[in-house]
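# Inside the fold
Chain by chain, the residues run as shown.
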Amino acid sequence: EIPLRAVLAMPQVKQKATARTRSSSSRSKRPRLESKGAEEERAEAAEGAEAAEGKADEAEEVDEDLEDTEDDAEADGLRDDGSSDDSEDDAPRNRIGNVPLDWYKDEDHVGYDIAGEKVMRTLSTSEIDALLESKDNPDAWRTIKDHKNQREVVLTDTDLEVIRRIRQRMYPSMGTDTTEMVEFDNPEARIHPESKAHPPKSRFLPSKWERMKVKRLVALLREGKIRPPPPPAPEVFDLWADDAKPRRKAPVPLPAPKMALPGHAESYNPPSEYLFTEEEKKEWEETFEQDRTITHLPQKFDCLRHVPGYKDFMVERFKRCLDLYLVPRALKQRMNVDPESLLPKLPSPKDLRPFPTHISVSYEGHSGMVRAVAVEASGRYLATASSDETLRIWEVATGRPIRSIKFSSAVTAVAWNPQHLLLSVAAEENVFFLDPGLELQASSDISTEDGTETPVTISSLLEFKEAAKPADGEENEEPTAAKAKAVHWRQVLADTPQYAAGCRLCISTDGDVQHLVWHHKGNYCAAVSPKARATSNQCIIHALNQQKSMRPFAKLRGGQQVQSCAFHPSKPHFMVATMRSVRIYDLQKQAQVKQLISGAKWISSVTVHPTGDHVVVGSYDRRVVWWDLDFASKPYKTLQYHDKAVRCAVFHPGKFPLLAACSDDATVSILHAKVFSDLMQSPMIVPVKRLRDHMVNQGFGVLACAWHPHQPWLFTAGSDGRAYLWA
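By convention here, each chain's residues receive numbers from 1 onward along its written sequence. It should be noted that, the model being predicted, local features are given only for residues of pLDDT at least 70 and side-chain atom pairs only at 80 or more, the latter also being counted only at that level, while totals for whole chains, interfaces and linings use all residues. The basis for every side-chain value is the complete set of heavy atoms in the structure, and neither hydrogens nor water enter the calculation.

### Overview of the overall build of the chain
By definition, any uninterrupted DSSP run of H or I lasting at least four residues is a helix, any uninterrupted run of E lasting at least two residues is a strand, and each is numbered from the N terminus. Check the secondary structure of the chain and you find 12 helices and 35 strands. Buried residues in the chain amount to 34% of all 727 residues. Only carbon and sulfur atoms are counted for the fraction: they give 52% of the accessible area of the chain, which is about 48,800 Å². Buried, partly exposed and exposed residues are distinguished by accessible area as a fraction of the type maximum, computed with a 1.4 Å probe on protein chains only: under 20%, between the cut-offs, and over 50%, respectively. Under the convention used here, a 1.4 Å probe and the Shrake-Rupley method define accessible areas, while residue burial counts only the protein chains that appear.

So this is what it looks like as structure tokens:
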């Protein structure tokens, strides 16, 4: 039985909590500075609250069972949520549910109550207000701010005791019995509650995967890839601000683009020129739908009532809706810029003369592709190599054929010696050194050991030296291996057609030689065979005076084929062009000096500027790449003027600043390429002329080009069997 005085004391406890809640909510609306009379009233209210607490303590001592029941309900979270009618003050004011309060951070209210009225902001979030509140209110330390309902809740002693027990890891209620054991139905461990199985090894060994994960995280922390999160920005506000920050407006809606208006082709009675013929109709039907210029076939009807229904009407409307729904639209800012101002200021081609512009002499006589062209050092004679198995020598000024030499296979390369009137020719898988039988007034001299100068004749240079023969005791047999044959010098027999044509020495090659080039002193000739079976035979340097051959590269790095080569005009450097790069070697030190990265997929040719400081290559992917050797190994300029592969690019060997590039599109680009002695001034590269007269044959255009040594004249060789002199 519950005593009557305990029942009478229970509403007082509730009244005490209600009074505290109401007094705390009304306190936030008071002014910060109170008068002395207000302090006296607050003291009287505190004495009344202490009297009520005394009565409540007596009620708790009388009925302990009721207290235990209430504590258990509070510990289990079964508190009154304010849905009943007997505790309207504890019911939640704000009825917005789970809506985040951040949505109301820019408003003057935080939600709506059950009557639909706004719950205005009454709690202050300022640090100054909190400081004043802590000094004026003795219960400020136990006051909690309910921002959702905009009220202050003062914790009771019971609430503080529950919080203290939870922080000490104890049960919230003192009435919780922790000695009882709950038995669960476990039929497997009913007799033996513990398992006899040995503990697994993973229980007492550290985890390998956790160690690897921690090691990886430590490495990332040391490298600085994982950084601590930045500190939060301080929450400050302008105390004297009048207006809030204006909100950012949404972008202006963009109207959908309008469809094109129908033209004459959409008419039911179009003019006759808009009607398709049978060939045009067939071509329109075979064209893909997205590539058609018109979406329907124009038809002609006598009157409008004879026009049938359009079968693709729904499909077109559906596609139009998809365009409006799926295709994004953006507002582009138009720039009123003169296109001419974006182009670089280049000089006029008229001011950069001379350069070749038209055909002066045509050299006709080959029946096959002209694969190579070479000009004699004095500029009097021209040699052309063709796939019709002939080598022809022409007089430059008149175009008169002087000699025609027949071989048993296609002639792939030809080059004139810069010091002597002799040729190196690649044919029949051999490199021939040929005396064309031409006479010049000037002759070269060499100094002997006793100081006397002896004139050097072509016959003495091409005479097979006995010192090159094998020594006594060795077998005088021709080597059979491909690697050894490529450096074996032989004398052309006198009873052969090649000897009658002027060939005196020959060297067997490991595959067809595609490129021949002489050193400027006239003693060394380099031969390039990209398809050689042995890697060391792809590039071989032949010494004519000693009649010896040298393989400078036993094996190239990267496994790329040698495509072309060139000698430096003044230094003992040798430049080798592979498929994707150009490597410069010092022949004296026998070491690589520099590697130039082209960025092209397949290099076709390489040429060196007469100063030796600039290198240009042509590539099969339509590019002309320019390097400045005084700077980085990456290209200075990458030019693209052709639609097909660039077969050859060559500098003018004389004083004219000209560069030519021939391509498979049957055109030749002439560029004004002036190099300045001042290192601070960049080279001036200006395209001045495009030469068009060759014809495309079997997908090939202009295969080779060469400059006249003293004049701004260009020689070109095309797949149409013609060679031209452009002046």
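Text resumes after the structure shown.
### A short note on unusual backbone geometry
Here the amide bond leading from Arg353 into Pro354 is cis, since omega sits at 10 degrees, within 30 degrees of zero. With respect to the secondary-structure elements, Pro354 resides in the loop between helix H9 (339–342) and strand E5 (359–364).

### Observations regarding the state of the cysteines
Cysteine sulfurs are considered disulfide-paired once they come within 2.5 Å of each other. Per the counting criterion, the structure on display carries 0 disulfides. A disulfide-free cysteine, Cys503 has its sulfur positioned 8.3 Å from the sulfur of Cys506, the nearest such atom. Among the residues examined, Cys503 registers a relative accessible area of 0% and is labelled buried.

### Focus: the confidence of the model for the chain
Per residue, pLDDT measures the predictor's confidence, with a range of 0 to 100. On average, the chain scores 81 in pLDDT, and the residues at 70 or more come to 80%. Residues count as neighbours in contact if any of their non-hydrogen atoms are within 4.5 Å of one another. Confidence drops under pLDDT 50 across residues 58–67; counting only partners more than four residues distant or on other chains, this segment forms 9 contacts.

### Some remarks on the pairing of strand E11 (residues 423–427)
Counting buried residues along E11, 5 of its 5 residues qualify, which places the element largely inside the surrounding structure. Burial of E11 is two-sided: the residues Leu423, Val425 and Ala427 facing one way and the residues Ser424 and Ala426 facing the other way are all buried. In the sheet, strand E10 (residues 413–416) pairs with E11 via 4 bridges, with the strands oriented antiparallel. Along E11, the bridge assignment pairs Val414 with Val425. Taken together, E10 and the strand that follows it, E11, pair antiparallel across an intervening segment of 6 residues. Pairing between two strands is assigned when DSSP locates at least 2 bridges connecting them. Bridge count for E11 against strand E12 (residues 430–434) is 5 bridges, and the pairing is antiparallel.

### Overview of the side chain of His672
Turning to its location among the elements, His672 is positioned in strand E31 (residues 667–674). The class of His672 is buried, set by a relative accessible area of 7%. Setting aside residues no more than four positions away along its own chain, His672 makes contact with Leu352, Pro657, Met684, Ile685, Val686 and Val688.

### Some words on the pattern of salt bridges
Here a salt bridge means any side-chain nitrogen of Lys or Arg lying within 4 Å of a carboxyl oxygen belonging to Asp or Glu. Following the criterion strictly, the structure yields 10 salt bridges and no others. For Arg533, the salt bridge identified is with Asp510, shortest N-O distance 3.2 Å. With Arg533 in the loop between strand E18 (524–528) and strand E19 (539–543) and Asp510 in the loop between strand E16 (503–508) and strand E17 (515–518), this pair connects stretches of sequence that are 23 residues apart. On the basis of relative accessible area, Arg533 is assigned to the exposed category, the value being 62%.

### Some thoughts on the sheet that holds strand E33 (residues 702–707)
Ordered by their spatial adjacency, 4 strands build an open sheet running E5-E35-E34-E33, and the pairing between neighbours is antiparallel. Unpaired on one side and paired on the other, E5 and E33 mark the two borders of the sheet. Each strand of the sheet is rotated relative to its neighbour by a mean of 20 degrees, with strand direction disregarded. Axes here refer to lines fitted to C-alpha atoms; in helices the fit is confined to the stretch in contact. Angles between the N-to-C directions go from 0 to 180 degrees.

### Some thoughts on the sheet that holds strand E9 (residues 401–406)
In spatial order, the strands read E6-E7-E8-E9; together these 4 strands make up an open sheet with antiparallel pairing. The open sheet is flanked by strand E6 (370–375) and E9, the only strands paired with a single partner. Going from strand to strand, the sheet's axes swing by 15 degrees on average, the running direction of each strand aside.

### Quick notes on the environment of Leu423
Looking at the element boundaries, Leu423 is found in strand E11. Overall, Leu423 belongs to the buried group, its relative accessible area being 0%. Measuring from C-alpha to C-alpha, the distance between Leu423 and Pro436 comes to 7.3 Å, with 13 residues separating the pair along the chain. When near neighbours in sequence (up to four residues on either side) are disregarded, Leu423 contacts Ala383, Leu391, Ile393, Val414, Ala415, Trp416, Phe432, Phe433 and Leu434.

### Quick notes on the environment of Ser124
Tracing the chain through its elements places Ser124 in the loop between strand E2 (118–120) and helix H4 (127–136). On the basis of relative accessible area, Ser124 is assigned to the partly exposed category, the value being 24%. Sequence spacing of Ser124 and His147 is 23 residues, and the spatial spacing of their C-alpha atoms is 9.7 Å.

### Description of a nonpolar patch on the surface
Patch membership requires over 30% relative accessible area and the absence of a salt bridge. Like charges are linked within 9 Å, and nonpolar side chains (Val, Leu, Ile, Met, Phe, Trp, Tyr) within 5 Å. Side chains of Ile128, Leu132, Phe237, Leu239 and Trp240 sit close together on the surface and give an oily, nonpolar patch of about 610 Å² of accessible area. Relative to the helices and strands, Leu239 resides in the loop between helix H6 (208–223) and helix H7 (278–286).

### Describing the packing of aromatic side chains
Between 30 and 60 degrees the pair is tilted, below 30 it is stacked and above 60 it is edge-to-face, where a pair is any two Phe, Tyr or Trp rings, Trp via its six-membered ring, whose centres lie within 6.5 Å. Scanning all chains against the criterion turns up 10 aromatic pairs. Seen in terms of ring centroids, Tyr363 and Phe715 are 6.4 Å apart; in terms of plane orientation they differ by 40 degrees. Their pairing is tilted. Taken as a pair, Tyr363 in strand E5 and Phe715 in strand E34 (residues 714–718) lie far apart in primary sequence, 352 residues in all. Residue Tyr363 shares its accessibility class with Phe715, and that shared class is buried. With centroids separated by 5.0 Å and ring planes inclined at 50 degrees, the aromatic side chains of Phe567 and Phe574 adopt a geometry described as tilted. Assigned by exposure class, Phe567 and Phe574 land together as buried.

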